[in-house]
Amino acid sequence: MPAMKPVYAHIAVVGTGAMGRGIAQIAAQAGSTVTLYDSQATAVAAAKQSIAEQWDRLVEKGRMEAAAVAACKGRLQTAASLQDLADCDLVVEAIVEKLEVKAALFAELEGIVGANAVLASNTSSLSITAIAAKLRRPQRVAGYHFFNPVPLMKVVEVIAGLKTEPAVCAALSEYARQMGHTPVTAQDTPGFIVNHAGRGYGTEALRIVSEGVADFATIDRILKDQAGFKLGPFELMDLTALDVSHPVMESIYHQYYEEARYRPSVITAQRLAGGVLGRKTGEGFYRYDKNVAQVAPEPPVPQVAELPPVWVSPRASRRAELYQLLKDLGAKIETGQSPSAAALTLVAPLGFDVTTVAVVERLDPARTVGIDLLIDDAATKRRVLATNPATRADMRDAAHALFARDGKAVSVIRDSGGFVTQRVVATIVNIAADICQQRICTPQDLETAVTLGLGYPLGPLAMGNLYGPTNVLEVLFNLQTVYGDPRYRPSPWLRRRGAIGLSLLHEEESA
Ligand code: NAI
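Note that the coordinates shown come from a computational prediction; the quantities given were computed from them, not determined experimentally. (Residues numbered from 1 in each chain as written. Predicted model: local features only at pLDDT ≥ 70, side-chain atom pairs only at ≥ 80, totals over all residues. Heavy atoms only, no water.)

What follows concerns the site of the ligand. Close contacts around the ligand come from 19 residues, with M19, D38, E97, K102 and N122 the closest. D38 has a polar side-chain atom sitting 2.6 Å from an oxygen atom of the ligand. Here an oxygen atom of the ligand sits 2.5 Å away from a polar atom, N or O, in the side chain of E97. If you list the elements that add at least two residues to the shell around the ligand, you get α1 (18-29) and α4 (99-110). Here the shell around the ligand is composed, by residue class, of 8 nonpolar, 8 polar and 3 charged. (Near = heavy atom within 4 Å. Polar contact = N/O pair within 3.5 Å; in protein donor to acceptor, adjacent residues only side chain to side chain. Helix = DSSP H or I, 4+ residues; strand = E, 2+ residues; numbered from the N terminus. Nonpolar A, V, L, I, M, F, W, Y, C, P; charged D, E, K, R; others polar.)

Here we come to the sheet that holds strand β2 (residues 33-37). Taking strand neighbours across the sheet as the criterion, the 8 strands line up as β3-β2-β1-β4-β5-β6-β7-β8 in an open arrangement whose pairing is mixed. Looking along the sheet, the strands with just one partner apiece sit at the ends: β3 (76-78) and β8 (182-187). Along the sheet, successive strands turn relative to each other by an average axial angle of 25°, direction set aside. Where strand β6 (residues 141-145) and strand β7 (residues 155-160) come together, 4 bridges link them in antiparallel fashion. (Pairing = 2+ DSSP bridges. Axes fitted to C-alpha atoms, helices over the stretch in contact; angles between N-to-C directions.)

This part is about the domain arrangement of the protein. Along its sequence, the protein is organised into domain 1 (10-188), domain 2 (196-294) and domain 3 (310-413). A C-alpha centroid distance of 30 Å is found between domain 1 and domain 2. (Domains from an automatic or database assignment.)

Quick look at the packing of aromatic side chains now. According to the stated counting rule, one finds 10 aromatic pairs in the structure shown. Judged by centre distance (5.1 Å) and plane angle (90°), the ring pair of Y8 and Y175 falls under edge-to-face. Of this pair, Y8 sits in the segment before β1 (10-14) while Y175 is found in helix α6 (residues 166-178), placing the two residues 167 residues apart along the sequence. Like Y8, the residue Y175 is buried in the burial classification. Their ring planes at 55° and their centres at 5.0 Å tell us that F216 and F234 sit as a pair that is tilted. Within this pair, whereas F216 is found in helix α9 (residues 216-227), its partner F234 is found in helix α10 (residues 233-240), the two being separated by 18 residues in sequence. Taken individually, F216 and F234 each receive the classification buried, so the pair is uniform in this respect. Grouped by ring-pair contacts, the aromatic residues Y201, F229 and Y456 constitute a single cluster. One Lys or Arg, R207, reaches over the ring of Y483 and ends 5.5 Å from the middle of that ring. Geometry around Y488 places R487 over its ring, the cationic atom sitting 6.0 Å from the centre. (Phe/Tyr/Trp six-rings, centres within 6.5 Å; stacked < 30°, edge-to-face > 60°. Buried < 20%, exposed > 50% of the residue type's maximum accessible area, 1.4 Å probe, protein only. Lys NZ or Arg CZ within 6 Å of the ring centre and 35° of its normal.)

The next subject is the nonpolar core. Counting 100 residues, the largest nonpolar core has L85, I219, F234, F285, I413 and L446 as the members making the most contacts within it. Among the elements that line this core, the one with the most residues is helix α16 (residues 421-437), at 10 residues. With 38 residues, the next largest nonpolar core counts V150, V156, V168 and A176 among its residues. (Core = buried A, V, L, I, M, F, W, Y, C linked by side-chain atoms within 4.5 Å.)

Here we take up the layout of surface pockets. Computed from the structure, the largest pocket encloses a volume of approximately 990 Å³. In terms of lining, the largest pocket is formed by 33 residues, of which the most central are F147, N195, T240, V244 and V248. Elements with a contribution of two residues or more to the lining of the largest pocket: α1, α7 (194-197), α8 (199-210), α10, α11 (242-255) and α17 (443-454). When the residues that make up the lining of the largest pocket are grouped by side-chain class, the tally is 17 nonpolar, 13 polar and 3 charged. (1 Å grid on protein atoms, 1.4 Å probe; cavity = no way out; pocket = protein on both sides within 12 Å on 5 of 7 lines; lining within 4 Å. Points joined across faces, edges and corners; volume = space filled by probe spheres on them.)

This paragraph deals with empty space enclosed by the protein. Taken as a whole and judged by the stated rule, the model has 1 cavity of 30 Å³ or more. Put simply, the largest cavity is a space of about 50 Å³. If you go around the largest cavity, the residues you meet are Q226, I371, D372, L373, I375, D377, T380, R382, R383 and V384. Counting residues per element, the lining of the largest cavity draws most heavily on strand β15 (residues 382-387), at 3 residues. Grouping the constituent residues of the lining of the largest cavity by class yields 4 nonpolar, 2 polar and 4 charged.

The strand order across the open sheet built from 6 strands is β12-β11-β13-β14-β15-β16, with neighbouring strands paired in mixed fashion. Since the sheet does not close on itself, it has two edges, and those belong to β12 (333-334) and β16 (409-413), each with one partner. Across the sheet, α9 touches β15 and β16, and the angle it forms with β15 is around 135°. Contacts from helix α15 (residues 393-403) reach β11 (310-312), β13 (344-347), β14 (368-371), β15 and β16, with the element oriented near 170° to β15. (Contact = heavy atoms within 4.5 Å.)

Structural data, given as structure tokens:
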């Protein structure tokens, strides 16, 4: 038996699809009596059986005691009509994602459940305020947004609509903890925390592809090896499938009145139209053979008989580290004021493109190659070099061969402000900063929601701290100059903290 008395002794789950089943499972495990209801009569029995099978598997794996499972099964009930939910203290709705249908269900439930019962919606994209708007008591309605699969994704967003009583959210949060989940509290805004914070990764990667800077697989490799993401953005989109992720991108973009930061890509719109959805259709950004992605091998390291001497721009980021790296790689380093006629010329800009740097620093573009040093070389598994349109093939190959000498992977991409990692990381940090700016949640809840809900290696603010708030700010300022695009406009929240070198996880400023 669970040690504590559950906050809600008797709950109902309405809508017993993928989400409803998971919620019912963990609620029964927390000690609540759970009544399942679905408008499709067969769905309820199917759900009850599927949850029971889930528990049997947990016993087989030794994760649950047989006696505990027997008790859970005893607490799982089914209802043939909404009227049967009259005794419930909490109803969690996980039905079809349509505002009118959810609002109509809650209106009907209002006439059935007791005065103190809480009505919660698992919606991922609709406004809680709008769902509750026509009810007699909108104070008792809240968002309770779980992630799929519910038993494994141990975070839930608790969302207050405009009229929700704070005590309702506090009780839902406490109940989430009893179910073994971590609650985070979000304002009722498009995408809440996780689906809002997740906008940076895929959309920026798509934009990089749309500029022809690198292909899907190269971008995936770079973000996994440099910034430690478990899945590349294109692998992730293939897993989620574009019929789910593209509409989310569009919805959040439109709900924020076409805010440039969330602008979706024509690449996913077209692939969605063509049915190239991802893993589940056998083809997405990658082709799948027996569910295994077919990835073309990386281009080989060029064979270069004799490497040219190397000169490093005095304005390169992490210049001292770059010199040390070149020494370790056995490069012939030039230390003159300007490069000799034979030298490979290295620049390491933050945000700026290699072309602009070559022009501004009056370097010979034919011999100029850029390297991304936002992140300490020792902390990454891959180096990324960028050419400009005039870079000679022998200089490109020499740089590739030199930086691959110690066996570390090297990607060579075309010129773009901010390479790949700088652009994607800065965009993620900037969107996170804007979530804090809007007071959608606390910085700590943001970090928790993103690490548990999106599986990023670090929360976005911790990521910004690791790479340096000032550096991230510099990347954004320069990207804004290169692209003239408001999507790179730094959030004032980031700008203030970056400008005074403050940790992004610093507690809120005084009121
Ligand atoms: P699903 O399609 O697997 O299940 C929905 C169930 O609701 C079906 O069994 C259907 O018969 C039933 N239903 C539809 N209208 C109903 C009504 N008026 N009254 C009673 N039952 C009704 O859907 P899924 O994936 O479980 O999603 C449910 C909700 O959870 C949606 O609001 C969705 O946006 C949200 N959500 C889904 C996530 C996911 O990854 N699938 C993640 C987070 C939230």
